Amino acid sequence: MSASPTITDIMQTSAVIPVLVIEDAATARPLAEALVAGGLKVLEVTLRTPAALDAIREMKKVPGAIVGAGTVVNPDQFGQAVDAGAEFIVSPGLTQHLARPIIDAGVPFLPGIANAADIMTGLDLGLTHFKFFPAEANGGLKALKALAAPFYQCKFCPTGGITEASAPEWLAFAPVLCVGGSWVTPKGAAMTEVEALARAASGLRG
């Protein structure tokens, strides 16, 4: 992969992007090491905790890790995430106010969409890769198939409510390049268990 991967490169790296809520930055590097060892190199650290930015800095020290920031909702958070070393940005929704500075900076961006209007807004901005969120609450795979049909050029990363059991069905749908999930990092799990779950998840794409 090139030094500056595109959002397509990132989405095609691993079948599953772990969605990580880090409470203690001291746990970030061992967690990243376990996930990468298991084959999941793309890591989304959500900006939901005070430790998130430090967690991104720690995970960036792990060879092979591609670390991004999730739950980015405004340009200030985008700036903080990039300063911490985030290589890509994920947002729960899509607004021009957030998207424009990210696009102008050339940072890979995966905005959340829930309906056709969201996708059309993204297309107007030159975007074709989206996070379908919240995936299960939004009608699941059936809804995404209906939504994707008119937008043949678009690719998706469904996130929200996806499990190890349901992920293969999502991944079998051609416009889905990867899924986002939190099941690979159960609360209180040992790093050996995380590595095993990551290894299983990395093999989900047929």
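Residues numbered from 1 in each chain as written. Predicted model: local features only at pLDDT ≥ 70, side-chain atom pairs only at ≥ 80, totals over all residues. Heavy atoms only, no water.

Identification of the protein chain as 2-dehydro-3-deoxy-phosphogluconate aldolase from Sphingomonas echinoides is taken from an unreviewed UniProt entry. Turning to the protein chain, the UniProt annotation filed under Catalytic activity (unreviewed entry) states: "2-dehydro-3-deoxy-6-phospho-D-gluconate = D-glyceraldehyde 3-phosphate + pyruvate". (UniProt positions renumbered as here; feature names shortened; annotations may be inferred.)

**Q** Can you help me understand helix α7 (residues 140–148) in this one?
**A** Side chains of residues three or four places apart in an α-helix project in the same direction, reflecting 3.6 residues per turn. Taken together, the buried positions of α7 are Gly140, Leu141, Leu144, Leu147 and Ala148. Seen end-on, α7 carries its buried residues on one side only, within an arc spanning 125°. In α7, those exposed residues whose orientation departs by more than 90 degrees from the buried face are Lys142 and Ala146. In this fold, the buried residues of α7 make contact with β5 (109–113), α6 (116–124), β6 (129–132), β7 (155–156) and α8 (167–171). (Buried < 20%, exposed > 50% of the residue type's maximum accessible area, 1.4 Å probe, protein only. Helix = DSSP H or I, 4+ residues; strand = E, 2+ residues; numbered from the N terminus. Arc of directions from axis to C-beta. Contact = heavy atoms within 4.5 Å.)

**Q** Mind showing me how you'd approach the pairing of β5 here?
**A** Buried residues dominate β5, accounting for five of its five residues. Across the two faces of β5 the burial is the same, with Phe109, Pro111 and Ile113 and Leu110 and Gly112 all buried. By the bridge criterion, three bridges tie strand β4 (residues 89–91) to β5 in an arrangement that is parallel. Bridge assignment links Val90 to a residue of β5, and that residue is Leu110. For the handedness criterion, the β-α-β arrangement of β4, helix α5 (residues 96–105) and β5 is classed as right-handed. Across two bridges, β5 lies against β6 in parallel orientation. Bridge pairing in β6 places Ile113 opposite Phe132. Each parallel crossover has a hand, and for β5 linked through α6 to β6 it is right-handed. (Pairing = 2+ DSSP bridges. Right-handed = clockwise from strand over helix to strand, strands pointing away.)

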